[in-house]
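These are the residues of each chain, in order.
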Amino acid sequence: MVEDEAGVRELACQFLRVKGYNVLDAEGGLEALAVSRSHPGAIHLLLSDMVMPKMSGEELAVELRAVRPDIRVAFMSGYSEFSRGDLGKGFPEAPVLQKPFSPASLVEIVREALARPLAARASEGNEIHVT
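Parameters at a glance
Residues numbered from 1 in each chain as written. Predicted model: local features only at pLDDT ≥ 70, side-chain atom pairs only at ≥ 80, totals over all residues. Heavy atoms only, no water. Helix = DSSP H or I, 4+ residues; strand = E, 2+ residues; numbered from the N terminus. Buried < 20%, exposed > 50% of the residue type's maximum accessible area, 1.4 Å probe, protein only. Contact = heavy atoms within 4.5 Å. Areas by Shrake-Rupley, 256 points an atom, 1.4 Å probe, with all protein chains shown as cover. Pairing = 2+ DSSP bridges. Right-handed = clockwise from strand over helix to strand, strands pointing away. Axes fitted to C-alpha atoms, helices over the stretch in contact; angles between N-to-C directions. Parallel < 35°, antiparallel > 145°, perpendicular 65-115°, else oblique. Left-handed = near helix turned anticlockwise from the far one by under 90°. Nonpolar A, V, L, I, M, F, W, Y, C, P; charged D, E, K, R; others polar. Phe/Tyr/Trp six-rings, centres within 6.5 Å; stacked < 30°, edge-to-face > 60°.

Draft legend 1. Summary view of the overall build of the protein. A count of helical and extended segments in the protein gives four helices and five strands. Counting all 131 residues of the protein, 47% fall into the buried class. For the protein, contacts bridging at least 24 residues in sequence account for 63% of all contacts bridging at least 6. Working note: accessible area of the protein is about 6,700 Å², and carbon and sulfur atoms make up 53% of it.

As structure tokens, then:
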């Protein structure tokens, strides 16, 4: 979970943890890359805000896919131009969660993103990590 607004990030993480997800969180793209490097296990999903200081959600997704090719991607945005899912840079499969969102819509987008197949997917264990 990558979100620069602390309140939004904390609530979203809480919603997902209540539903049983193991959540790693970061305030921005650079911190998310550091969390990814230090996390020894699989990370199954990047859920990132689209617009953040220093590094956009798309830029972060490109960087993470380079080192974790099996990571799925979903985005969040308060901007309507991202609601179409026309994200470019190789993420046409990424669902977009419009802000503000409800706990139910957050969990729905996570489930949707995790259910989407990847072209070259390694076998996964039972534990799911949401970054």
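Resuming the write-up.
Draft legend 2. View of the pairing of strand E2 (residues 45-49). Across the five residues of E2, five count as buried, placing the element largely inside the fold. Burial of the side chains of E2 extends over both faces: Leu-45, Leu-47 and Asp-49 are buried on one face and Leu-46 and Ser-48 on the other. Examined bridge by bridge, E2 and strand E3 (residues 72-77) share five bridges and lie parallel to one another. Note that in E3 the partner of Leu-45 across the bridge is Arg-72. The parallel pair E2 and E3 is bridged by helix H3 (residues 57-67), and the resulting crossover is right-handed.

Draft legend 3. View of the packing of helix H2 (residues 29-38) against H3. Axis separation between H2 and H3 bottoms out at 10 Å; the angle between their running directions is 20 degrees. Classified by the interaxial angle, the pair formed by H2 and H3 is roughly parallel. When the axes of H2 and H3 are compared, the crossing they make is right-handed. Across from Gly-29, Ala-32, Leu-33 and Ser-36 in H2, the residues of H3 making contact are Leu-60, Glu-63 and Leu-64. Its residues assigned to classes, the contact of H2 with H3 comprises four nonpolar, two polar and one charged.

Draft legend 4. Quick look at the packing of aromatic side chains. In the structure shown here, the tally under the stated rule is one aromatic pair. A ring pair is formed by Phe-75 and Phe-91, whose centres lie 6.0 Å apart and whose planes are at 90 degrees; its orientation type is edge-to-face. One end of the pair, Phe-75, is in strand E3; the other, Phe-91, is in the loop between E3 and strand E4 (96-98), and 16 residues separate them in sequence. As far as the burial class goes, Phe-75 and Phe-91 line up, both buried.

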